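One-letter residues, chain by chain:
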Amino acid sequence: MRGVFFKQPFEYRLDVSGDEWRQGDALAAVLTVKNRSNFIQPLPGLFLRLAQGDFKSVREKKPNAFTLIACAELDAQAELGPDEERRFPWTFSLDRNCPVSDKAQSLFLLCGCGELGDAAGHLALNVQPHPHIDAVLSLMESSFSFVLKGQKSRKGRIEAKLKPPAGKEYPTLEHLLLFFRFVEDSLQLNFCFNLKTLQASATTLEMKKAKREIEQVLPLKNYLFPGGQINNEPLEAAIGETLAAVKSKGF
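This text gives an overview of the structure that appears in the document. (Residues numbered from 1 in each chain as written. Predicted model: local features only at pLDDT ≥ 70, side-chain atom pairs only at ≥ 80, totals over all residues. Heavy atoms only, no water.)

**Examining the nonpolar core**
Quick note on the threshold: As used here, the term nonpolar core means buried Ala, Val, Leu, Ile, Met, Phe, Trp, Tyr and Cys residues forming a set that is joined through side-chain atoms within 4.5 Å. Buried residues are those whose accessible area, probed at 1.4 Å on protein chains only, stays under 20% of the maximum for their type, while exposed residues exceed 50% and partly exposed ones sit between those limits. Put simply, DSSP H or I for four residues or longer makes a helix, DSSP E for two residues or longer makes a strand, and each gets a number counted from the N terminus. We call two residues in contact whenever any of their non-hydrogen atoms come within 4.5 Å of each other.
Counting 32 residues, the largest nonpolar core has Val136, Met140, Phe146, Leu178, Phe180 and Phe193 as its most contacted members. Looking at this core, the elements with two or more residues in it are α2 (131-142), β14 (157-163), β15 (173-183), β16 (186-200), β17 (205-219), α3 (220-223) and α4 (232-243). Non-local contacts of Phe193, meaning those with residues more than four positions away in its chain, are made with Leu173, His175, Leu176, Ala210, Lys211, Arg212, Ile214, Thr242, Leu243 and Val246. Among the nonpolar cores identified, the runner-up in size contains 29 residues, and Ala29, Leu43, Cys113 and Leu125 belong to it.

**Description of the side chain of Asn35**
Applied cut-off: Nitrogen and oxygen atoms within 3.5 Å of one another constitute a polar contact, given that in protein one can donate a hydrogen and the other can accept it, and given that sequence-neighbouring residues count only through two side-chain atoms.
Mapping Asn35 onto the fold places it in strand β4 (residues 26-35). Within the structure, the side chain of Asn35 is placed 2.7 Å from the backbone oxygen of Phe39, a separation counted as a polar contact. The contacts of Asn35, once residues within four sequence positions are left out, are Pro9, Phe10, Ile40, Gln41, Leu80, Gly81, Pro82, Asp83 and Glu84.

**So, the packing of aromatic side chains**
Which entries qualify depends on this criterion: What counts as a ring pair is set by centres within 6.5 Å for rings of Phe, Tyr and Trp (its six-membered ring), and what kind of pair is set by the plane angle: stacked under 30 degrees, edge-to-face over 60, tilted for all other angles.
If you walk through the whole model with that rule in mind, you get five aromatic pairs. On the basis of an interplanar angle of 80° and a centroid distance of 5.2 Å, the ring pair of Phe66 and Phe108 is categorised as edge-to-face. Highlighted residues: Phe66 in strand β7 (residues 66-71) and Phe108 in strand β10 (residues 105-113), separated in sequence by 42 residues. By relative accessible area, which is 18% here, Phe66 ends up buried. Taken together through their ring pairs, the aromatic side chains of Phe55, Phe66 and Phe108 make up a single cluster.

**Some details on the pattern of salt bridges**
Formally: One side-chain nitrogen of Lys or Arg within 4 Å of one carboxyl oxygen of Asp or Glu is enough to make a salt bridge.
In total, this model carries nine salt bridges according to the counting rule given. Where Glu60 meets Lys56, a salt bridge forms, and the shortest distance between an N and an O atom there is 2.9 Å. For Glu60, a relative accessible area of 40% puts it in the partly exposed group. Using a relative accessible area of 46% as the deciding quantity, one classes Lys56 as partly exposed.

**Quick notes on α4**
What counts here: Expected span, for any helix, means 1.5 Å times one less than how many residues it has. This arc corresponds to the set of directions leading from the helix axis out to the C-beta atoms.
With twelve residues, α4 extends 16 Å from end C-alpha to end C-alpha; this agrees with the ideal 16 Å at 1.5 Å per step. Leu235, Ala238, Ile239, Thr242 and Leu243 are the residues of α4 that are buried. The buried residues of α4 all sit within an arc of 130° when viewed along its axis, so they share a single face. Residues of α4 that are exposed and angled more than 90 degrees away from the buried face: Glu233 and Glu241.

**Here's the deal with unusual backbone geometry**
Residue Pro9 is bonded to the preceding Gln8 through a cis peptide linkage, with omega at 5°. Position of Pro9 relative to the elements: it lies in the loop between β1 (2-7) and β2 (10-16). Positive phi values are uncommon outside glycine, yet Ser145 reaches one of about 60°. Counting through the fold element by element, Ser145 comes out in the loop between α2 and β13 (147-154). The partly exposed category is assigned to Ser145, whose relative accessible area is 42%.

In structure tokens, the structure reads:
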């Protein structure tokens, strides 16, 4: 991935290794700055920063469009001569709970001189959920016939919305919100079941909505093989145990 930006008197070229990343990945970037003027130019506050941005606010160039996450430590010399350029490599470590890209927001790399609001340009990064989260969602679809309707970052967690399979297996379940977050050496799953039930009074039958929440904490060692590959069997057993709480007794 590459972006080229111009803000007098400099040209900024930002090269990033790859086109897609996962939570927890290393993100390697090289910022190249070139002096396009005929005079010696200082580099006042050269920066390369990782930030979270709201797409709507970014398009509208609002001052609060970005929330700073990490800064590269660039060993910038004081000045560049005419047509001189210099490269600044840096690798950011994405947190396992970092935001993922969705329709509303994404992680961005910003570069420029001065303050965050003075960025010469930015690149939106395509960050996807951690492979362990994908493994759980894959099992929800393949082993339990749930349908993934969407996922997004919300308050430091990944939120996935799932629709239950058609039929009588989950008669009271409208949909499931499944939240993911890594806590030290464990994957924390919070199941939020959105239910509908018939409640009878002396004269009427009413459809009522309710929620039921169940939390599971899965130590990584319990579902990883020694080589680090995912062992689906304990994951499937844990998911099945939780889904049993809202499953029809006839199944």
